[in-house]
Amino acid sequence: MYFPASHLWIIPALPLVAAAIGALVPRSGRALASGAAIASMVAAFFVSCLALHTALADPAAHAAHNFAWFDVGSGAMRLGWLLDPLTAFMCVMVTFVSSLIFIFSLGYMKEDANFKQFFCFLSLFAAAMLGLLVANSLLLLFICWELVGLASYLLIGFWFHKPSAAAAAKKAFITTRIGDLGFLIGLLWLYDSTGSLLFFDGGHGVLEAATLTALTGKTLVCCGLTVSTAIGLLIFCGAVGKSGQFPLHVWLPDAMEGPTPVSALIHAATMVAAGVFLIARVYPLMSADQVLANVPLHALTVVAFIGAITALLGACIAVAQNDIKRILAFSTVSQLGYMMLALGVGSWTAAIFHLLTHAFFKALLFLGAGSVIHAAHHEQDIRRLGGLGAKMKITFATFAIGMMALSGVPFLFSGFWSKEGILHAAHEWDVSHLPLYAGLAAVVLTAFYMTRLMAETFFGKSRSHESGHAHENSAVMTVPLVLLAACAILLSLLAWPSPWLQHQLDPSAHSEPGGISLMVLSIVLVAVGIGSGWAIYGRKPRATEASPDPLETAAPDIIAALAARLGFDELYAATVGRLNSGFASLADFMERWIWGGAVTLLARFGEFTGVVNRETDENTLNGGFDSVSHQIRGTGRAYSRAQTGDAHGYMRFIALGFVVLMLFVMLGGSR
Amino acid sequence: MSQLQLCLVLSSFLFCIGLIGAMARSNTILVLLGVELMLNAANINFIAFWRYGPDHAAGTGILFVLFSIAIAASEAAVGLALVIAVYRHQKNIRLQEANRLKG
Amino acid sequence: MTLALILLSVLILGSAAVAIALRNLIHSALLFVGCWAGIAAFYLWAGAEFVAFAQVLIYVGAVSMVVLFAVLLTRQGNELEPVKDDSFNRFIRALIAGGSVAGVLLGAILGTPMDVNTASPAPTMTVRELGARLMGPHAAALLIVGVLLTVALLGAVVLAAVDRSDQPEDAP
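A. Quick look at the overall build of chain A. Within chain A, the secondary structure is distributed over 26 helices and two strands. In chain A, buried positions account for 54% of the 671 residues. Pairs at least 24 residues apart make up 79% of the contacts formed inside chain A by residues separated by at least 6 positions. Accessible surface for chain A amounts to roughly 28200 Å². Of this, 70% is attributable to carbon and sulfur atoms.

Right, dumping it as structure tokens:
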């Protein structure tokens, strides 16, 4: 069945309608709001499948449908929809994962008083993300991008009565805004230098060869960068903010303050995926400067190194966290670093493949964590959990699958294949091998901290009252887990026995099988990570919640530093905050002494003339005026009776006076 | 009835709605909003006469409306600040009670 | 064209009238937003795109926010009180005065022959031309508006600022 690109708007419109329904029904309309949200998401999933079917018929084509949004004078601002395999795969993933998360939320948020608002926000979130995916214009993408930011703000701060949640929402919003400023500047610059923001426009779009050649031809005055590099880096700023890359990763772990389904949605399907998707979407622009050998900096090199730093940093910090959701959050930071790394080393197909597989198993892990938290009465500290494996068998089994997929346990799990693709691409990169080493180190750490999480949460015996009374959740929460777990395994088929997905995404790319030696190396590393994790945490489970962490006793300084997240929050408070207040005091000084001084001088002068004036006045002119002013005062008193203080009355008088005047003019005119 | 006349009828009705609101309601905020409506009605008139007038290129109507919007915005800002100041003094914003300066 | 105009008029007038009549200030502020958006649509209909954007930005965006803030800041403790404030007497007098203004205006409009060419296409004025006019013949006015806005901003701040020494009884 053929699905035209001009009808792509249906996909984001469906959840948007659900959000509108959710906004309009009264607070008691819980069933209607949640039903509309889930139904629209499932419908959007089927439409996306149809779109995918169409896109795969001709993977190389970029079917675009453009239209004029509004005319400004002679020019027009044009937007459009774009259907290609990248969009279609992402849409299918987002709608599928979101549907399951929505269903899971039915159970998780059951007792919440603002249940219907929650579904309204969730639908808005999904709608914004889907709009971002189908956009064929950087402007439309930016609009949806900001809507995603807004919805995430609403959802992270959903429990706004908790001060930490309100602060986290604010932090997420402001931090991403810093990146978005770069994005906006890049967007304006791009519009200024090309006159278009459409991606594909029959040869005139910004991602098409003619425009890119023109952009790479221009060189900036300073630094010798080409314009395309500068614009690419500015756009990358937006992706850094949204995808939680170093140095703007600080908001992502705090975003855990939202309800767990929101965390799953942010970390898996929508928010953070947006940044990776953006770079993959504008990949031709990002890589346009690759054809020039003599520029000082390629945009993608920056992307690769930022990704490598983020991957390693996130994995390191995750080792020392104790909150089940925070561990997963830092693992998301680390995995996003992998994706950026893959983009940077030139394999955007590997990045998107990892994005897809990661979406499934990270949603699975978060929903599993949500299931644990829900069962253990909102206990999130893994030191106080423990022994849940026997009580929550389905959650345990599915969580284990997710953990193995994330760690990259070989062959059976999708995470292995996508990670392998990234490592392979990093190996092939001829600029530097540092990102590869960072990636390999992160493989060990990922396996290690995930094993620790499993061992602490599900093995041993329960270490607190809450986890002792945990029991398995209802089917509405476990069925999504099972479905996601199945997907976490089945998605391996996209890459094995042949890299089918990557070929569909980019038919022009030559795909050779990955090197056997690299694969063996990464399998060994995974084994080392899991083995050491089990040796430290699994063999001898923690006895009570207070018993010390084996690693902490071994290297207390390092673990404490990592647990404090390497002090990034404090660093920002000390530098950015200081800088801001420094500028404020400087402005204050200028105001008080320089401008204020000038004003005071003027005032003194005015005072002096006033004194001179008064002297002449009192001594010469006064006498005659006194009697006149006495009479005027009398008249004034008489008139002031009319000032009743009733403003309405004044207005009525004005209106009636106007009527009389008009009548006078009209009747006078007819004479 | 020509389209110009329709526009003018629209604007005069809007003006009168604003006027009645300003005269009938006691809440100062609503009175201010009524005044805003009257300004908007005047703007509609300007645009209508520009649209059907003889000299489009001069754009006088549009320019006038732009200035008028700027003035309306400052009026709203100052007016609402006044409302807040009044509220602070008399603990309510009933216009008929803000008559301390009467003669 | 005429049909669109009539529909727009119904939207504008309806929301304005209901907004003026409502008791709940938040609802009426929201309806005002609808009314202003309708007016912006009217500007679009008349071909004045830039003015429409200005209307959306300033009224739908900024003024509505200021109004909502004012409403929230001056929220009175007992929500039922405003009911008896709006005296019926004043309403009747307002209706009479406003109605007579409407009558006079309608009479003036209908009594004046206005034979304009309704079929003429909507004129366009590009933003570039508009900017040239603003910066050219109307530059002085533009400057004065800038000064006015600054003064209004400062005045609003001064008016709304709390002067602690003014009201010792307010101190907690």
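Additional details are given in the paragraphs that follow.
B. Molecular detail of the overall build of chain C. When its secondary structure is counted, chain C shows seven helices and zero strands. Out of the 172 residues in chain C, the part that is buried amounts to 34%. When the accessible surface of chain C is summed, it comes to about 9700 Å², and 73% of that surface belongs to carbon and sulfur atoms.

C. Region of interest: the environment of Tyr283 of chain A. All names here are of chain A. Relative to the assigned elements, Tyr283 resides in helix 12 (residues 283–286). Judged by its relative accessible area of 11%, Tyr283 falls in the buried class. Separated by 64 residues in the primary sequence, Tyr283 and Ser347 have C-alpha atoms spaced 9.9 Å apart. Dropping the residues within four chain positions of it, Tyr283 is found in contact with Leu300, Leu343, Gly346, Ser347 and Trp348.

D. Region of interest: the interface of chain B and chain C. With 69 residues of chain B in contact, the opposing surface of chain C contributes 83 residues. Looking at the side of chain B facing chain C, the largest losses of area belong to Arg51, Phe67 and Arg88 of chain B, adding up to 10% of the total buried there. Summed over the shared surface of chain B and chain C, the result is zero salt bridges. Along the contact surface separating chain B from chain C lie 10 residue pairs in polar contact (both at pLDDT 80 or more). If you list the elements that add at least two residues to the side of chain B that touches chain C, you get helix 1 (3–24), helix 2 (28–52) and helix 3 (60–90) of chain B.

E. Examining the interface of chain A and chain C more closely. Contact residues are listed per partner, giving 14 residues for chain A and 14 residues for chain C. Summing both partners gives a buried area of about 1100 Å² for chain A against chain C, and 81% of it is carried by carbon and sulfur. For the pair chain A and chain C, the number of links is zero residue pairs in polar contact (both at pLDDT 80 or more). Where the side of chain A that touches chain C is concerned, the elements lending two or more residues are strand 1 (63–72) and helix 26 (647–670) of chain A. A total of nine residues in the side of chain A that touches chain C trace back to one element, the largest contributor, which is helix 26 of chain A. Partitioned by chemical class, the residues of the side of chain A that touches chain C number nine nonpolar, three polar and two charged.

F. Main features of the packing of helix 8 (residues 227–242) of chain A against helix 11 (residues 271–281) of chain A. All names here are of chain A. Taken N-terminus to C-terminus, the directions of helix 8 and helix 11 make an angle of 155 degrees; their axes are 8 Å apart at the nearest point. Relative to helix 11, the element helix 8 is oriented roughly antiparallel. The element helix 8 and its partner helix 11 pack so that their crossing is left-handed. Contacts between helix 8 and helix 11 involve Ile235, Phe236, Ala239 and Lys242 from the first element and Met271, Val272, Ala274, Gly275, Leu278 and Ile279 from the second. Class assignment for the residues of the contact of helix 8 with helix 11 results in eight nonpolar, one polar and one charged.

G. Representation of the confidence of the model for chain C. When pLDDT is averaged along chain C, the result is 82; 83% of the residues meet or exceed 70. Interface scoring of the predicted complex returns ipTM 0.89; its pTM is 0.67.

H. Spotlight on the pattern of salt bridges. Taken as a whole and judged by the stated rule, the model has five salt bridges over all chains. When salt bridges with common partners are traced through the structure, they connect Glu146, Arg177 and Asp180 of chain A into a single cluster.

I. Molecular detail of the packing of aromatic side chains. Residue and element names in this part refer to chain A. Scanning the model with the defined rule gives 18 aromatic pairs over all chains in all. When the centroid spacing of 6.2 Å and the interplanar angle of 85 degrees are considered together, the rings of Phe121 and Phe158 count as edge-to-face. On the criterion of sequence distance, the pair formed by Phe121 in helix 4 (residues 115–134) and Phe158 in the loop between helix 5 (138–156) and helix 6 (163–194) is long-range, its members being 37 residues apart. Owing to a relative accessible area of 17%, Phe121 belongs among the buried residues under this scheme. Ring geometry for Phe416 versus Trp417: centroids 5.2 Å apart, planes at 80 degrees, classification edge-to-face.

J. Highlighting the nonpolar core. Formed by 204 residues in total, the largest nonpolar core has its most connected members in Leu138 and Leu343 of chain A. For this core, the element with the most residues is helix 15 (residues 348–375) of chain A, which contributes 19 residues. Those residues in contact with Leu138 of chain A that sit more than four places away from it in its chain are Phe183, Leu187, Leu190, Leu197, Phe199, Ile235, Leu278 and Val282 of chain A. Within the second largest apolar cluster, 64 residues are counted, among which are Leu8 and Ala41 of chain B together with Ile20 and Val67 of chain C.

K. Geometry of the side chain of His648 of chain A. Relative to the elements of secondary structure, His648 of chain A occurs in helix 26. The buried category is assigned to His648 of chain A, whose relative accessible area is 0%. Polar side-chain contacts of His648 of chain A include one of 2.6 Å to the backbone oxygen of Arg25 of chain B. Residue contacts for His648 of chain A: discarding those within four places in its chain leaves Ala22, Met23, Ala24, Arg25, Ser26, Val31, Leu95 and Gln96 of chain B together with Arg90 of chain C.

L. Focus on helix 18 (residues 434–458) of chain A. All names here are of chain A. Given a rise of 1.5 Å per residue, 25 residues ought to cover 36 Å, and the 36 Å separating the end C-alpha atoms of helix 18 matches this to within 8%. Counting buried residues along helix 18, 20 of its 25 residues qualify, which places the element largely inside the surrounding structure. Where helix 18 ends, the next residue or the one after it, Gly460, has phi of about 70 degrees, a positive value.

M. Summary view of helix 8 of chain A. Here helix 8 of chain A contains 16 residues, and its C-alpha end-to-end distance of 23 Å stays within 8% of the 22 Å for a straight helix at 1.5 Å per residue. Two residues or fewer past helix 8 of chain A, Gly244 of chain A is found with a positive phi of approximately 60 degrees.

N. A look at the environment of His427 of chain A. Residue and element names in this part refer to chain A. Structurally, His427 is set in helix 17 (residues 414–428). Here His427 falls in the partly exposed class, since its relative accessible area comes to 38%. Along the primary structure His427 and Tyr437 are separated by 10 residues, whereas in three dimensions their C-alpha atoms are 9.2 Å apart. Residues within four places of His427 in sequence aside, it is in contact with His433, Leu436 and Leu518.

O. Inspection of the packing of helix 3 (residues 85–108) of chain A against helix 20 (residues 475–490) of chain A at higher detail. All names here are of chain A. As a packed pair, helix 3 and helix 20 sit with axes 7 Å apart at the nearest point and diverge in direction by 155 degrees. Viewed along their axes, helix 3 and helix 20 adopt a mutual orientation that is roughly antiparallel. Here helix 3 and helix 20 pass one another in a crossing that is left-handed. In this structure, helix 3 contributes Phe96, Leu100, Ile103, Phe104, Leu106, Gly107 and Tyr108 to the contact, and helix 20 contributes Val476, Met477, Pro480, Leu483, Leu484 and Cys487. Along the lines of polarity and charge, the residues of the contact of helix 3 with helix 20 split into 12 nonpolar, one polar and no charged.

P. Molecular detail of a nonpolar patch on the surface. A cluster of nonpolar side chains, namely Leu579, Phe583, Leu586, Phe589, Met590, Trp593, Ile594 and Trp595 of chain A, defines an oily patch on the protein surface of about 910 Å² accessible area. By secondary structure assignment, the location of Phe583 of chain A is in helix 25 (residues 568–640).

Q. Quick peek at the side chain of Ser99 of chain A. Examined against the element boundaries, Ser99 of chain A turns out to sit in helix 3. Residues contacting Ser99 of chain A, with those up to four places away along its chain left out, are Met41 and Val42 of chain A.

R. Up close: the environment of His433 of chain A. Residue and element names in this part refer to chain A. Examined against the element boundaries, His433 turns out to sit in the loop between helix 17 and helix 18. Given a relative accessible area of 30%, His433 falls into the partly exposed group. Beyond its immediate stretch of four places on either side in the chain, His433 contacts Ala426 and His427.

So, how was this worked out
- Residues numbered from 1 in each chain as written.
- Chains lettered and ligands numbered in written order.
- Predicted model: local features only at pLDDT ≥ 70, side-chain atom pairs only at ≥ 80, totals over all residues.
- Heavy atoms only, no water.
- Helix = DSSP H or I, 4+ residues; strand = E, 2+ residues; numbered from the N terminus.
- Buried < 20%, exposed > 50% of the residue type's maximum accessible area, 1.4 Å probe, protein only.
- Contact = heavy atoms within 4.5 Å.
- Areas by Shrake-Rupley, 256 points an atom, 1.4 Å probe, with all protein chains shown as cover.
- Buried area = accessible area lost by both parts, 1.4 Å probe.
- Salt bridge = Lys/Arg side-chain N within 4 Å of Asp/Glu carboxyl O.
- Polar contact = N/O pair within 3.5 Å; in protein donor to acceptor, adjacent residues only side chain to side chain.
- Nonpolar A, V, L, I, M, F, W, Y, C, P; charged D, E, K, R; others polar.
- Axes fitted to C-alpha atoms, helices over the stretch in contact; angles between N-to-C directions.
- Parallel < 35°, antiparallel > 145°, perpendicular 65-115°, else oblique.
- Left-handed = near helix turned anticlockwise from the far one by under 90°.
- pLDDT = per-residue confidence, 0-100.
- Phe/Tyr/Trp six-rings, centres within 6.5 Å; stacked < 30°, edge-to-face > 60°.
- Core = buried A, V, L, I, M, F, W, Y, C linked by side-chain atoms within 4.5 Å.
- Expected span 1.5 Å × (residues − 1).
- Patch = residues over 30% accessible without salt bridge, like charges linked within 9 Å, V, L, I, M, F, W, Y side chains within 5 Å.

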